[in-house]
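A closer look at the structure
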Amino acid sequence: MAARARWDNIVGLLFTLLCLCDWSVAQISYTISEEVDKGTVVGNLAKDLNLSVQQLHSSGLQITSGYKKQYFDINHESGVLFVSERIDREELCPNTVKCSLNIEAILSNPRSLHRIEVVITDVNDNAPSFLEEITIIDMSESSYVGERHPLPIAHDADVGTNSVKTYKLNPNDHFSLDIQSAGDQSLSAELVLQKALDREKQAVIELTLTAIDGGKPPKTGTSQIKINVQDVNDNSPVFSKSLYKVQVVENVNIGTTLLILTATDLDDSVNGQIVYSFTKGGGLNPDDKFALNDNTGEITVKGTIDYEENQAFEIRVQARDKGTPPRSAHSKVLVEVIDVNDNAPEISVSSLMSPVKEDAEIGAAVAMVTITDKDGGKNGQTNCKITSSVPFKLETNYKNYYSLVVDGALDREMISTYNVTISATDEGTPPLSNTSVITVHISDVNDNSPRFSEPVVNVYVKENSPVGSVIYTVNAFDPDLDSNAKLTYKLLDSFPKNTPISSMVNINSETGDIVSLQSFNYEEIKTFQFKVQATDSGVPPLSSNVTVNVLILDENDNNPTILAPYSEHGSVNSESVPYSAEAGYFVAKIRAVDADSGYNALLSYHLSEPKGNNLFRIGTSTGEIRTKRRMSDNDLKTHPLVVLVSDNGEPSLSATVSIDVVVVESTADIQTQFRHVPIKEESFSDLNLYLLIAIVSVSVIFLLSLISLITVKCHRTDGSFSRYSAPMITTHPDGSWSYSKSTQQYDVCFSSDTLKSDVVVFPAPFPPVDAELISINGGDTFTRTQTLPNKEKEIPKLIEYGW
């Protein structure tokens, strides 16, 4: 008994130390009794979390748990944690001394997790009960005083002081009650014979056994004890030990022998033959796990032994003789189960906060991870880590509770989903491990501005294009998602500044289509510039710009115009030629201009004479009318000529002028060529002034160009000019020459007759970066090389014209 008392003290001390360790490690702990009313206050959670009333509203405090019922809830006005469901300790924690509920408090601003332990204390709400209402005990009349018989053990679902604390027996003449205690949770009673039995006086004795718990007020349970007094077998079997102890490894093979019971009986014959059996007591039925040979007393394994279900078994055995009446002895077998590492750790994830914003700070909570291992000792101790390379890490909260937090920068545009692989390994031999994959989705934030493929866009638009046509579509890309990637377009400032861009083009804010609001005229405007801004719909919105250069391409929309002194408005002009004129005699010079540019302004002259008359010719590029031969007597005195002036556009436009050439006998009868244009001798006319300025300018340009050309030829290393080469001058036998430059081009024509010399300058078409070379030869044909703009690729085009 002294050894048992010391053992009980050691067990109690260890239990107390474990409770104190558990209490010191827990973060927040509350205590509440079971079966309290709904709404009962558990504790002020806001105060324990250091949250004010204002912070309570903004923090988004929530309570979560892994139980089927939501036993607790929080008052978001006061921060008080209260009971929301009925709490039955016996239902939640059967057969355990300590009962607690673990819940988590989640704060969303800032994000954090807190573990809360609520200890459920027991109340005396269950009365003791016996498995059997009637227990029959056979006793021989020769039973000796002091003989003991174990009585049924009462079961009380309550624990601690509310469990079964004592038994009592109704008053009688023969029996007393001996109560034995093996600790706080083990209490048994034995029936002790106090007075010899006499079957002839009383064959059956009926007793009432009452179990009383330690509640206030106490609750009781009863069982009827029926004692049959039998005759004459006066010796009971005796076990070799009052308590047998044996160890068995869990998962041992079925049929393995645990031990062999030994009992002796001094009686002879059938009264000394012993039969072994199990006796039922408490909540354990030993027949489920073990088998007992009733003749040999051998106990073998019958069912699966699992340490995680039962760490130990207490088996009550009986040795009973075959006498009449039979006598029996009782003993206990304590089977200790030795744990083996047969359970891998289990990983459970709760409070997963997915998706996580890509701008989440380092340390932001993502999920709560709990590791459990059903094994004991080192076999149940676990280590947890992340095996995949991800910007997350595990932080230890309490024992096997971990928080998965952000540990690096997140970028949804690079990785939108992370599969976080968590591995848990126990310390058993050999170690067992388990893995779990947590999928964390990354949500988008507006951290990318829209992007254009090019910073500058050149758009080529033909003049006279219809109003409302789409001249170009700008397109920007935003790698963000949803509203952060939804773009709108708008127009910004333009160049030249005095040109209101809103009157020229408009843009579709959703599609980026740039639409013309007017028909462009190349002769009025050749280019303009504006910016387009693309803005996303994020908060705050981000934007970027692209510069759009609109280049107007010339169309052949202007007819040639005949210059003075001739007119194309239906009037007939006249010129005189002496009869003695030689072949090549200069008659007149037709001058015309075209408001278009480039080939659309390059003019050619054609002469129409009456049938059968072949006296005159006209220079196709100069417009000079000359005689082909000498006059003859058969020629008419008056020659009506029609001059057709055509440009080089597609389709070609033209103008006509009529001239009557009159043949006179002598040169004295020839009137001045410019009789239709009055001239004041004392002063220059405006036309003469313009011609003089033009001739001087062209002469200077010609000399400079000639010098530059000679310099380039002397210093260049190859036979080709770059796009920025010096101007090129080409002369022709008829006295005309062409001037070409990468940024401008002019065609200048001179007459061989100094009296009627003239200069005509043709401007080159847009765009300026495309060079154009026109070469006119003596055969009235010219060759043109032009590079036309193309959206995909600029392809040089060689075009030849001849008249």
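Below is a summary of the structure that appears in this document.

If you trace the four strands from one edge of the open sheet to the other, you get S16-S23-S22-S19, paired in mixed fashion. If you trace the sheet from one side to the other, it starts and ends with strand S16 (243-249) and strand S19 (274-279), each paired once. The average angle at which neighbouring strand axes cross in this sheet is 30°, direction not considered.

What the rule picks out here adds up to 17 salt bridges. We note a salt bridge from Glu-395 to Lys-393, for which the minimum N-O separation is 3.8 Å. Under the relative-accessibility criterion, Glu-395 is labelled partly exposed at 33%. The salt bridge partner of Lys-393 is Asp-407, with a shortest N-O separation of 3.9 Å. Of the two residues, Lys-393 sits in strand S28 (residues 392-398) while Asp-407 sits in the loop between strand S29 (401-406) and strand S30 (417-426), which places them 14 residues apart along the sequence. Assessed through its relative accessible area of 34%, Lys-393 is described here as partly exposed. It is possible to trace a salt-bridge network through shared partners that takes in Arg-148, Asp-178 and Glu-190.

Another aspect to go through is unusual backbone geometry. Following Thr-429, the chain continues to Pro-430 via a peptide bond in cis, the omega torsion being -5°. In this structure, Pro-430 sits in the loop between S30 and strand S31 (433-443). In this structure, Pro-540 follows Val-539 across a cis peptide bond, with omega equal to -5°. Position of Pro-540 relative to the elements: it lies in the loop between strand S39 (527-536) and strand S40 (543-553). Phi at Glu-35 is positive, roughly 60°, even though this residue is not glycine. Mapped onto the secondary structure, Glu-35 falls in the loop between strand S1 (28-33) and strand S2 (41-44). A relative accessible area of 30% means that Glu-35 is categorised as partly exposed. Unusually for a residue other than glycine, Lys-399 sits at a positive phi of about 50°. Tracing the backbone through its elements, the reader meets Lys-399 in the loop between S28 and S29.

Here is what the cut-offs are and how they apply
Residues numbered from 1 in each chain as written. Predicted model: local features only at pLDDT ≥ 70, side-chain atom pairs only at ≥ 80, totals over all residues. Heavy atoms only, no water. Pairing = 2+ DSSP bridges. Helix = DSSP H or I, 4+ residues; strand = E, 2+ residues; numbered from the N terminus. Axes fitted to C-alpha atoms, helices over the stretch in contact; angles between N-to-C directions. Salt bridge = Lys/Arg side-chain N within 4 Å of Asp/Glu carboxyl O. Buried < 20%, exposed > 50% of the residue type's maximum accessible area, 1.4 Å probe, protein only.

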